[in-house]
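Single-letter residue listing:
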Amino acid sequence: MFRNLLAGLAACLASVAAHADPIEYFQINGVSYDADIPAPEDVIGFGVGDRPVRHDQMVTYFSRLAELSDRISVETIGYSHEYRPIQFFVVTSAENQARIDDIREAHLASLAPGAAPSSGPAIIWLNYGVHGAESAGMDAAIPTLYHFAAAQGPEIERTLDDAVILITAIFNPDGHSRRVNHVETFGGEVPVTDPAHEQHTIWTEARTNHYWFDLNRQWLLQTQPESQAWLEQWHRWKPQVSADFHEMFTEATFYFHPGEPLRRNPLIPETARELTQAIAEHHIRFLDSEARLYTSEEGFDNFYVGKGSTYPQVNGSLGILFEIGAARGGLIEAERGLVRHGENVRTHFRTSLTTIEGALSRRDDIASYQQRFFAEALDAGQRDGDRAYVFATSGDPERLNLFVDLLDRHDIEVRALRRDVQAGGRTFRAGEAAIVRLDQPQYTMIRSIFDRVTTFEENIFYDVSGWTLPLAYDLDYAALGRAWSDYYAARSLYRLLDNDVRVRIATETVTIPVTGGSRQFGPGAVFVPLIGQDVSHDDIYRLVREATESDGVATFSVVSGSTPGNSPDLGDRRGFRSIERPQVLVLFDDGLAPYDAGEVWHLLDHRMRIPVTLRRKDEIGSLDWSRYTHLVIVGGGNAEISDRAAERIRQWIREDGGVVIASRQGALMAQETFLDVDVDDTEDDGSDPDESPDRRNYSDLSVDDAEHIIGGAIFEGDLDPSHPIGFGYADRFIALHRNMTETLVWPEDDPFSVVVQYAEEPLLSGYASARRQEEIGGTAAVVAQRLGRGAVVLFADNPNFRATFRGTERMFLNAVFYARLISAPSGEY
């Protein structure tokens, strides 16, 4: 009896614990496979689903497949921040591999004006692993590449003759590696399916790259090396179909495009949706054959063009999103039953195949659509009321170069301006400005980048609604304009301070005699005296030369300490103030948004080479505060700090001269905690108490509930360039990212502390309801106040949003270097 009982128990346990899947689980019925091609378990040592596959194991296995199969070629197209390779695979028949360059060039030639649609192999792109926590989206590349290397028979031969399949595996190796480490750390001999188990909680942290950037928002913004690597290949091939594989919350089933019918970017042709729906029929047939649950027209939109499934659609391709309910650590309980990693991988693998199958079934229609897309785009550009966009950055060529580089990454032709042009009420000078003509095949992408959109058919957004990049880069274009001295001046300034060079900062506009004559400099200009230094003159000259050569910062030799006119002399204590090297502490986690914290980290560490101490928000009680000059508190679901920590920080600000820089919910908390301002979280719902109660249909809930959100819009602000936080801006206009509905309280005790005030009619681009515009219009966007020896700088929203708002991130850098230059009013006003 005991033998039978134990045998039965062992079988029961095996059915739960042995969730590794040998390659037979993924192989297609009726297809034979080449035994000389190793299965994953032959190289990695275990089957997919048993345990996480490390990135180095994937690289080893995929490289082995490419060595053994004449159908697969591989190259390393880039490296992550942690220097992990990003591999790019071209999969097609051996005959096609022998002429692959000719195939690519013929395909691109078919997109030229007047050319016939491509008659060559279909070009199909498969994205795997953009989110590191979404394991099925990465591991699906394993059976996919194995299948194409090992499958035999006329069907696979025909597929490989008719298609060139482009695979990037994996998009986000750093986030993937964080997930693997976490799952292995909390894994045991027996799988724990309890969703509360720590093994299943890695979602947010592993989703992002090293600097906590969501790489699936980087197709447009292009600030991270991973996205730069894959986008270069994407435009090098311009695929006809692009598939993007993800995971979502565990209780969800399976999703695939075409997506919500009303939530489509107006720049995407309706034909794209129709062809995507035709491909979807192939997914449906497979899923129905296994009686699986799915959805395809609910929940996900095609609006923000910076995502992997939407970007292709404004670039002539069909973009297809796949999302599956996540198995998290590998095997997890859900109301719909046990969710298993291996099964998720198989579903993504099989829908990779149905994507290819569907694309080939409509091969001629898709080729014609792509050719027509670019022809119609060129025609629309020629008929557009505007001929071109002209833009410049007064006195800041580096920021201009950064924007030109961004356009180049999107295959947009940019030219230097050859003659002076009057446009939008200003003069754009030859040699200082650039021009983008609209009569080019990338017209649709140009519109995506430059357009201001403020009206929408529906106001529910999966992501941001406004991304007008000239505003984010603070460009002078059309009637807009601003400037700062040089984008990387903060990097040069920190390098000087870090090498113990004493510097002085101009607090007002000043004319200084320099070699070649007198020159006017704005507030924030850096003066390096030679007298009183502990550093040799040779070292100072070397550091200044490095600022010019490495950072592109303009430097000038001063010939006299006496300034002409009303300018303060160089020895004036009020006109020039000393600053010290910043030592920055950034709080993260424990309710603070990792994206926001990562953007601060990336700006300071990666771009400006300023070291940052990262500390979890709830672990600051034991810190030695004398080590730090600046504390950064970003927004998030819980920005509150303990009373004990608040009191210590308050003391640090008042007595030690500490500077707090806070944004979004962090700013609201800081205003109430450190500036003793009562922040009223209640909102007037606008109802009339004398009216009868409001009643609405439940079917309208999702739309009505979203009516008063702010869909990641761009707002106009009025900036005070005389304030230390506004140093370096040439005029008062500033464009700010906004998705918070709460507002900062106006600091009535200090009328000089509002650095930026929102315009009365603030919306420049994106969606915000009329009610929110009215509530926010005229309120404070940036507040900076002296507090004892220190200062508190508050941003109503995120000035470093996705490392793209280079205009407002300048204010953040000013807060790091110049906050202690702020003076408190001496009396009442």
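Everything quoted here is computed from the prediction, not taken from an experiment.

Participant: Please give an account of the overall build of the protein that cites residues and values.
Facilitator: If you tally the helices and strands in the protein, you get 26 helices and 31 strands. Evaluated residue by residue, the protein yields a buried proportion of 58% over its 829 residues. When the accessible surface of the protein is totalled, it reaches about 34100 Å², and 46% of it is carbon and sulfur.

Participant: Mind laying out a negative patch on the surface, listing which residues take part and the relevant values?
Facilitator: Taken together, the side chains of Glu640, Glu672, Asp676 and Asp678 present a region of like negative charge at the surface. Position of aspartate 678 among the secondary structure elements: in the loop between helix H23 (665-674) and helix H24 (701-705). For aspartate 678, a relative accessible area of 67% corresponds to the exposed category.

Participant: Please give an account of the nonpolar core that cites residues and values.
Facilitator: If you look at the biggest cluster of nonpolar residues, it comprises 222 residues, and the most contacted ones within it are Val660, Phe674 and Met811. With eight residues, the next largest nonpolar core counts Ala506, Val510, Phe521 and Phe527 among its residues.

Participant: Lay out the pattern of salt bridges with the relevant residues and their values.
Facilitator: This structure, assessed with the given rule, holds 35 salt bridges. Among the salt bridges present, the one from arginine 495 reaches glutamate 546, with a minimum N-O distance of 3.3 Å. Of this pair, arginine 495 sits in helix H19 (residues 489-498) while glutamate 546 sits in helix H20 (residues 537-551), placing them 51 residues apart in sequence. The buried category is assigned to arginine 495, whose relative accessible area is 16%. Through salt bridges with shared partners, a single network forms among Glu134, Arg207, Asp214 and Arg217.

Participant: Describe the packing of aromatic side chains, listing the residues and the values that go with them.
Facilitator: Using the criterion set out here, one finds 36 aromatic pairs in the structure. Taking the centre distance of 5.9 Å and the plane angle of 50 degrees together, the rings of phenylalanine 254 and phenylalanine 256 count as tilted. Geometrically, the ring pair formed by phenylalanine 403 and phenylalanine 450 is edge-to-face, given 5.9 Å between the ring centres and 85 degrees between the ring planes. On the criterion of sequence distance, the pair formed by phenylalanine 403 in helix H16 (residues 397-409) and phenylalanine 450 in helix H17 (residues 443-450) is long-range, its members being 47 residues apart.

Participant: Residue-level account of the sheet that holds strand E4 (residues 122-128), with values.
Facilitator: Strand order in this open sheet of seven strands is E2-E3-E6-E4-E7-E9-E8, and the pairing throughout is mixed. Lying at the two open borders of the sheet, with one neighbouring strand each, are strand E2 (72-79) and strand E8 (254-256). Within this sheet the neighbouring strands show an average axis-to-axis angle of 15 degrees, counted without direction. Here E4 runs beside strand E7 (residues 241-248); their pairing, made up of five bridges, is parallel. Looking at the pairing, leucine 126 lines up with alanine 243 of E7. In the packing of helix H8 (residues 154-162) onto the sheet, the strands contacted are strand E3 (85-91), E4 and strand E6 (163-169), and the crossing angle to E6 comes to about 85 degrees.

Participant: Help me get a handle on the pairing of strand E20 (residues 517-521), residues and values and all.
Facilitator: Here strand E19 (residues 510-514) pairs with E20 via five bridges, running antiparallel. In the strand pairing of E20, isoleucine 512 is matched with arginine 519.

Participant: Describe in detail the environment of glycine 726, supporting the description with residues and values.
Facilitator: Mapped onto the secondary structure, glycine 726 falls in the loop between strand E27 (713-719) and strand E28 (733-738). The exposure class of glycine 726 is buried, given its relative accessible area of 0%. Separated by 88 residues in the primary sequence, glycine 726 and asparagine 814 place their C-alpha atoms 7.3 Å from one another. Once residues within four sequence positions are removed from consideration, glycine 726 is found in contact with Leu719, Asp720, Pro721, Val755 and Asn814.

Participant: I'd like a description of the sheet that holds strand E25 (residues 630-633), backed by residues and values.
Facilitator: What the nine strands build is an open sheet, ordered E24-E23-E25-E26-E31-E30-E29-E27-E28; its pairing is mixed. Every interior strand has two partners, whereas the edge strands, strand E24 (612-616) and E28, have only one. For this sheet the average axis-to-axis angle between neighbouring strands, irrespective of direction, equals 20 degrees. On top of the sheet, helix H22 (residues 643-656) reaches E25, strand E26 (659-663), strand E30 (780-787) and strand E31 (790-795); it is set at about 125 degrees to E26, its chief contact.

Participant: Residue-level account of helix H21 (residues 594-607), with values.
Facilitator: For H21, which comprises 14 residues, the first-to-last C-alpha distance of 18 Å matches the rise-based estimate of 20 Å (1.5 Å per residue) to within 8%. Counting buried residues in H21 gives ten out of 14 residues, a clear majority hidden from the surface. Along H21, the positions that sit buried rather than exposed are Asp596, Ala597, Gly598, Glu599, Val600, Trp601, His602, Leu603, Leu604 and Arg607. Packed against the buried residues of H21 are H19, strand E23 (584-588), E24, E25 and helix H26 (809-818).

Participant: Run through the pairing of E3, naming residues and quoting values.
Facilitator: The buried fraction of E3 amounts to six of the seven residues, a majority that puts the element mostly inside the structure. Across seven bridges, the pairing between E2 and E3 is antiparallel. Bridged to tyrosine 79 within E3 is proline 85. Counted along the chain from E2 to the antiparallel partner E3, the turn is five residues long, and its residue tyrosine 83 has a positive phi close to 60 degrees. Bridge count between E3 and E6: five bridges; the pairing is antiparallel. Across the sheet, residue valine 90 finds its bridge partner in E6, namely leucine 166.

Participant: Before we move on, can you summarise the side chain of serine 135 with the specific residues and values?
Facilitator: Topologically, serine 135 is positioned in helix H6 (residues 135-139). Setting aside chain neighbours within four positions, we find serine 135 in contact with Arg179, Glu247, Arg328 and His341.

Participant: Can you explain the environment of threonine 629? Please cite residues and give values.
Facilitator: Along the chain, the position of threonine 629 falls in the loop between E24 and E25. Linking threonine 629 and leucine 585, residues 44 residues apart in sequence, is a C-alpha distance of 8.0 Å. Those residues in contact with threonine 629 that sit more than four places away from it in its chain are Glu580, Arg581, Pro582, Gln583, Trp652, Gly657, Gly658, Val659 and Arg820. A polar side-chain atom of threonine 629 sits 2.7 Å from the main-chain amide nitrogen of glutamine 583.

Participant: An account of helix H9 (residues 173-185) is requested, with residue identities and associated values reported.
Facilitator: Taking 1.5 Å of rise per residue, the 13 residues of H9 would be expected to cover 18 Å, and the 18 Å separating its terminal C-alpha atoms lies within 8% of that figure. Among all positions in H9, only Pro173, Asp174, Gly175, His176, Ser177, Arg178, Arg179, Val180, His182 and Val183 are buried. Check the buried side of H9 and you find it contacts helix H3 (55-68), E3, H6, helix H10 (203-207) and helix H12 (225-237).

Participant: An account of the confidence of the model for the protein is requested, with residue identities and associated values reported.
Facilitator: With 90% of its residues at a pLDDT of at least 70, the protein reaches an overall mean of 87. Overall, residues 479-485 carries pLDDT values under 50, and its contacts beyond four positions in sequence, including any with other chains, amount to 40 contacts. The low-confidence segment residues 681-687 (pLDDT under 50) makes six contacts with residues lying over four places distant or belonging to another chain.

Participant: Tell me about the side chain of asparagine 96, and please be specific about residues and values.
Facilitator: Looking at where asparagine 96 falls in the secondary structure, it is placed in helix H4 (residues 94-98). Separated by 3.1 Å, the side chain of asparagine 96 and the backbone oxygen of leucine 160 make a polar contact.

Participant: Provide a residue-level description of unusual backbone geometry, including the pertinent values.
Facilitator: Omega for the bond connecting alanine 169 with isoleucine 170 falls within 30 degrees of zero, at -5 degrees, which places this linkage in the cis form. As for its position among the elements, isoleucine 170 is in the loop between E6 and H9. In this structure, tryptophan 212 is a non-glycine residue whose phi angle is positive, near 65 degrees. Tracing the sequence through the fold places tryptophan 212 in the loop between H10 and helix H11 (218-221). With a phi angle near 65 degrees, aspartate 589 is a residue other than glycine that sits in the positive phi range.

What counts as what
Residues numbered from 1 in each chain as written. Predicted model: local features only at pLDDT ≥ 70, side-chain atom pairs only at ≥ 80, totals over all residues. Heavy atoms only, no water. Helix = DSSP H or I, 4+ residues; strand = E, 2+ residues; numbered from the N terminus. Buried < 20%, exposed > 50% of the residue type's maximum accessible area, 1.4 Å probe, protein only. Areas by Shrake-Rupley, 256 points an atom, 1.4 Å probe, with all protein chains shown as cover. Patch = residues over 30% accessible without salt bridge, like charges linked within 9 Å, V, L, I, M, F, W, Y side chains within 5 Å. Salt bridge = Lys/Arg side-chain N within 4 Å of Asp/Glu carboxyl O. Lys, Arg positive; Asp, Glu negative; His and termini not counted. Charge placed at Lys NZ, Arg CZ, Asp CG, Glu CD. Core = buried A, V, L, I, M, F, W, Y, C linked by side-chain atoms within 4.5 Å. Phe/Tyr/Trp six-rings, centres within 6.5 Å; stacked < 30°, edge-to-face > 60°. Pairing = 2+ DSSP bridges. Axes fitted to C-alpha atoms, helices over the stretch in contact; angles between N-to-C directions. Contact = heavy atoms within 4.5 Å. Expected span 1.5 Å × (residues − 1). Polar contact = N/O pair within 3.5 Å; in protein donor to acceptor, adjacent residues only side chain to side chain. pLDDT = per-residue confidence, 0-100.

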